[in-house]
Amino acid sequence: YEVGGEAALFDGALTVRAAVFQANWRNVQTDQFRASGLPVTLNIGDGSNRGVEFEGAWKPDRHWRIGVSGLIDGPELTRTSAAFPAQVDIGLPGVAKQTASLDVSYGWSLSHDLHAEVSAQASYVGRSFLTFDGGAATAMGDYGQGRIAALVSRGSWQAQAYVANVTDEEGNTF
């Protein structure tokens, strides 16, 4: 289930969108590995996720654009299967309980048909676990990343240079 809304304010200079959601799953399946290394697909039980997501963009003039987005949710197992005992209080593997991003860009004309833009992005991925046991060895997420870029475009072509992961973060991502 999801309900939300979107609005353009101040002659379209500010756009906002927000939604709340609830998802329920029965008989969730997962691929796991046996001690022998062979894969097996198991029913782990039931799960749910509820949360809120939002995004906004502000264009104060023809040069600047500032965007922000985020997600706060609560993924969880609500019932575990006897075939696969898992912790119900750690969330769902690979699903962070919060994420956020910020994007700032500035664009201008170099000539009547040549355009330039510089931008910077920052993002955060909250903590989650790689597996259903929630052990310290399977912790992932809880990191931020940044990216800076410069772009020149003309008609249908563009050239871009960027530096990703400017803070040199390391972490498991899927």
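Per-chain numbering applies: the sequence of each chain, read as written, is numbered from 1 onward. Totals for whole chains, interfaces and linings use every residue, but because this is a predicted model, local features are given only for residues with pLDDT of at least 70 and side-chain atom pairs only at 80 or more, for both listing and counting. For side-chain calculations, the full set of non-hydrogen atoms in the structure is used, while hydrogens and water are omitted.

**A word on the overall build of the protein**
Alright, step 1. Runs of E in the DSSP output that reach at least two residues are strands. Runs of H or I that reach at least four are helices, and both are numbered from the N terminus. In terms of helices and strands, the protein carries 0 helices and 11 strands.
Alright, step 2. Starting at the N terminus and ending at the C terminus, the protein contains elements arranged as β-β-β-β-β-β-β-β-β-β-β.
Alright, step 3. For this measure, only C-alpha atoms enter the radius of gyration; the expected value for a globule follows 2.2 Å times N^0.38, where N is the number of residues. Computed over the C-alpha atoms, the radius of gyration of the protein is 21 Å, more than 25% above the 16 Å expected from 2.2 N^0.38 for a compact globule of 174 residues.
Alright, step 4. The long-range share in the protein, meaning contacts at least 24 apart out of those at least 6 apart in sequence, stands at 49%.
Alright, step 5. Every accessible area reported is derived by Shrake-Rupley at a probe size of 1.4 Å, with residue values counting cover from the shown protein chains alone. Accessible surface, the protein as shown: approximately 11200 Å² in total, 56% of it carbon and sulfur.
Alright, step 6. With 12 positive and 19 negative side-chain charges, the protein shows a separation of 4 Å between the mean positions of the two kinds. Contacts: residue pairs with any heavy atoms within 4.5 Å of one another. In this tally, Lys and Arg are treated as positive and Asp and Glu as negative; His is ignored, and so are the chain termini. Charge positions come from single atoms, namely NZ of Lys, CZ of Arg, CG of Asp or CD of Glu.

**A closer look at the environment of Glu-55**
Alright, step 1. In this structure, Glu-55 sits in strand 3 (residues 39-58).
Alright, step 2. The buried label goes to any residue with under 20% of its type's maximum accessible area, the exposed label to any with over 50%, and the partly exposed label to all in between, with areas taken from a 1.4 Å probe on protein chains only. What makes Glu-55 partly exposed here is its relative accessible area of 40%.
Alright, step 3. With 38 residues separating them in the primary sequence, Glu-55 and Arg-17 have C-alpha atoms 5.4 Å apart.
Alright, step 4. Non-local contacts of Glu-55, meaning those with residues more than four positions away in its chain, are made with Thr-15, Val-16, Arg-17, Val-68 and Ser-69.

**Some words on the layout of surface pockets**
Alright, step 1. Any residue with an atom within 4 Å of a point lines the site, the site being either a cavity, points on a 1 Å grid over the protein atoms alone where a 1.4 Å probe fits but cannot get out, or a pocket, an open set with protein on both sides within 12 Å along at least 5 of 7 lines. Grid points are joined across faces, edges and corners, and a volume is the space filled by probe spheres set on the points. Roughly 190 Å³ of volume is contained in the largest pocket.
Alright, step 2. Looking at the lining of the largest pocket, the element that brings in the most residues is strand 2 (residues 14-33), giving 6 residues.

**As for the packing of aromatic side chains**
Alright, step 1. Pairing of aromatic rings covers Phe, Tyr and Trp, the last through its six-membered ring, and needs centres within 6.5 Å; plane angles under 30 degrees mean stacked, over 60 mean edge-to-face, and all others mean tilted. Tallied over the entire structure, the rule returns 2 aromatic pairs.
Alright, step 2. Ring centres of Tyr-106 and Trp-108 lie 5.7 Å apart, and the angle between their planes is 35 degrees; this geometry places the pair in the tilted category.
Alright, step 3. Given a relative accessible area of 27%, Tyr-106 falls into the partly exposed group.
Alright, step 4. Overall, Trp-108 belongs to the partly exposed group, its relative accessible area being 28%.
Alright, step 5. Positioned over the ring face of Tyr-162 is Arg-147, at 4.3 Å from the centre of the ring. As a reminder, the over-ring test applies to NZ of lysine and CZ of arginine, requiring each to be within 6 Å of the ring centre and within 35 degrees of the ring normal.

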